[in-house]
Amino acid sequence: MLPSPATSYSKRRDLHGHYSSDGVFANTLTRFRINRATLLARSRVTNLGIAILSSILAISILTNLNFALRPVDSQWGKAQSWLSTLSKGASSPGSIAATVVRQTEWKDVKHLIVVAGHAVWTGSDPNARLDESNWILEDRQRGGGNVAAFFRHIEEGSRLLNSDTQSLLVFSGGQTRPTSLITEAQSYHQLATSARLLNSERNHQSTLPPTLRTTSENFALDSFQNLLFSIARFHEVTGSYPTNITVIGFGMKKPRFQELHRRAIRWPEERFEYIGIDVEGDTSLAYAGEAEFGYGPYSKDLYGCHDTLLAKRRRRNPFQIFHPYHSSAPELAGLLEWCPTGPQRNKVFPGPLPWDVR
């Protein structure tokens, strides 16, 4: 039963049946004193509640102090948040997976061949491929036989593809030029097709012809992304991850890929190959430039996400384009977000990766 309010009182009838207010004030005052004493009395439940609230407050203060005083690495926080959402059997969202139906033969494709883009071919006649007016080039790329080297990269990638029925050729390079409506990768792919470098016939060992096993990766903005994003694109096409990787590019970039990029993604050395093809003639200046502007910066910023390397990515993204690989290759989400700071800027990504040896 609920207690009577502190201000309540009752009237009594006299002998004649009339209500009398005698003693009402005294009775009310007594009740007020009793209820006031009850309200002011110490309660065991109230004390317990205060103790619980005090404990929660103390824990909260200690937790926040620990967070505020420890070294902050916001990028690792982002990577951890992505990792926390991924289960061991992470998969693409249903709306993406529902649009893709793969032939069973794709499960046999294990070899990723990467040709990194360096410029945009805008021509229509493959016989005029060495004409620099058919290319969108940076000033430093003009002269010196660079466009000839670009085509030799494409040729070598196509040759490997045609000779290996278990390979996928990925031309990698984003829409880096503000005067171009296509990506570096798309232009390389178009040149390879126009020059008939890709065998269109089906091999008796596979129903997937080289033309079907060639694709473009259209979001990479630098050499590190050429490698990582091509792995993600391989997953989009085949539904799995490669067991072997071959990268084709300039010989001067071989140490950068083998010693830095490969290590950054923890790819096994014995399953990685780099084929270097340089311009003809004297390459001493190119190698010196690579040491200063390529290998050097990446040796201090392994994931290319700070300072000059980050500025280069921004400069190469004039159309503000975003890659889709968090969704289409969710197992790589933590690595895609990894960007350590401070003295541990070169700390190798410690999270799980699909190619880990189990």
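Quantities reported herein were computed from a predicted structural model and do not represent experimental measurements.

What follows is about the state of the cysteines. Think of a disulfide as a covalent bridge from one cysteine sulfur atom to another cysteine sulfur atom. Evaluated as defined, the whole model comprises 1 disulfide. In this model Cys 305 forms its disulfide with Cys 339; the gap between the sulfur atoms is 2.1 Å. Handedness here is read from the sign of the S-S torsion; for Cys 305 and Cys 339, about 100°, the answer is right-handed. Linking Cys 305 in the loop between helix H9 (284-300) and helix H10 (307-315) with Cys 339 in the segment after helix H12 (333-337), this pair joins segments that are 34 residues apart in sequence. Here the two residues Cys 305 and Cys 339 agree in accessibility, since each one is buried.

Turning our attention to the nonpolar core. Ranked by internal contacts, the top residues of the largest apolar core, which has 41 residues, are Ile 231, Ile 265, Tyr 303, Leu 332 and Trp 355. Where this core is concerned, the elements lending two or more residues are strand S3 (111-116), strand S6 (167-172), helix H7 (223-238), strand S8 (244-249), helix H8 (254-264), strand S9 (272-276) and H12. For this core, the leading source of residues is H7, giving 8 residues. Once you skip the residues sitting within four places of it in the chain, Leu 332 turns out to touch Leu 228, Ile 231, Ala 232, Tyr 241, Leu 353, Pro 354 and Trp 355. Counting 27 residues, the second largest nonpolar core, distinct from the first, contains Tyr 188, Leu 197, Leu 198 and Ile 275.

Here we come to the pattern of salt bridges. Summed over the entire model, instances satisfying the criterion amount to 9 salt bridges. We note a salt bridge from Glu 156 to Arg 159, for which the minimum N-O separation is 2.6 Å. One end of the pair is Glu 156 and the other is Arg 159, both in helix H5 (residues 146-163) and 3 residues apart, which spans about a single turn. For Glu 156, a relative accessible area of 15% gives the class buried.

Time to look at the layout of surface pockets. Approximately 1,200 Å³ is the volume found for the largest pocket. What lines the largest pocket is a set of 46 residues, among which Glu 138, Arg 140, Gln 141, Met 252 and Lys 253 lie closest to the centre. Elements that contribute at least two residues to the lining of the largest pocket include exactly H5, H7, S8, H8, H9 and H10. Among the elements that make up the lining of the largest pocket, the one with the highest residue count is H9 (8 residues). Partitioned by chemical class, the residues of the lining of the largest pocket number 16 nonpolar, 16 polar and 14 charged. One number sums up the size of the second largest pocket: a volume of about 690 Å³. Surrounding the second largest pocket, 24 residues form its lining, Gln 225, Leu 310, Arg 313, His 323 and Leu 336 being those nearest its centre. Among the secondary structure elements, those contributing two or more residues to the lining of the second largest pocket are helix H3 (74-84), H7, H10 and H12. No other element matches H7, which puts 4 residues into the lining of the second largest pocket. Of the residues that constitute the lining of the second largest pocket, the class distribution is 14 nonpolar, 6 polar and 4 charged.

What follows concerns the environment of Arg 129. Position of Arg 129 among the secondary structure elements: in the loop between strand S4 (120-121) and strand S5 (135-136). Considering only alpha carbons, one finds Arg 129 and Val 147, 18 residues apart in sequence, at a separation of 7.7 Å. Excluding residues within four positions of it along the chain, Arg 129 makes contact with Trp 121, Trp 135, Val 147, Phe 151 and Leu 191.

Rules and cut-offs
- Within every chain, residues take consecutive numbers counted from 1 along the sequence as written.
- Thresholds applied to this predicted model are a pLDDT of at least 70 for local features of residues and 80 or more for the giving and counting of side-chain atom pairs; totals over whole chains, interfaces and linings are not thresholded and use all residues.
- Just so you know, side-chain values use all the structure's heavy atoms and leave hydrogens and water out.
- Two cysteine sulfurs form a disulfide in these notes if their separation is within 2.5 Å.
- Under the scheme used here, helices are H or I runs from DSSP no shorter than 4 residues and strands are E runs no shorter than 2 residues, and both carry numbers assigned from the N terminus.
- A 1.4 Å probe rolled over the protein chains alone gives each residue an accessible area, and that area as a share of the maximum for its type sets the label: buried under 20%, exposed over 50%, partly exposed in between.
- Residue types Ala, Val, Leu, Ile, Met, Phe, Trp, Tyr and Cys, when buried and joined through side-chain atoms within 4.5 Å, form a set referred to as a nonpolar core.
- For this analysis, residues touch if any pair of their heavy atoms sits within 4.5 Å.
- Whenever Lys or Arg places a side-chain nitrogen within 4 Å of a carboxyl oxygen from Asp or Glu, that contact is recorded as a salt bridge.
- Only protein atoms enter the 1 Å grid, on which a cavity is a set of points fitting a 1.4 Å probe that cannot get out and a pocket is an open set with protein on both sides within 12 Å along at least 5 of 7 lines, lining residues being those with an atom within 4 Å of a point.
- Grid points are joined across faces, edges and corners, and a volume is the space filled by probe spheres set on the points.
- Any residue outside Ala, Val, Leu, Ile, Met, Phe, Trp, Tyr, Cys, Pro, Asp, Glu, Lys and Arg is labelled polar, Gly included; the first ten of those are nonpolar and the last four are charged.

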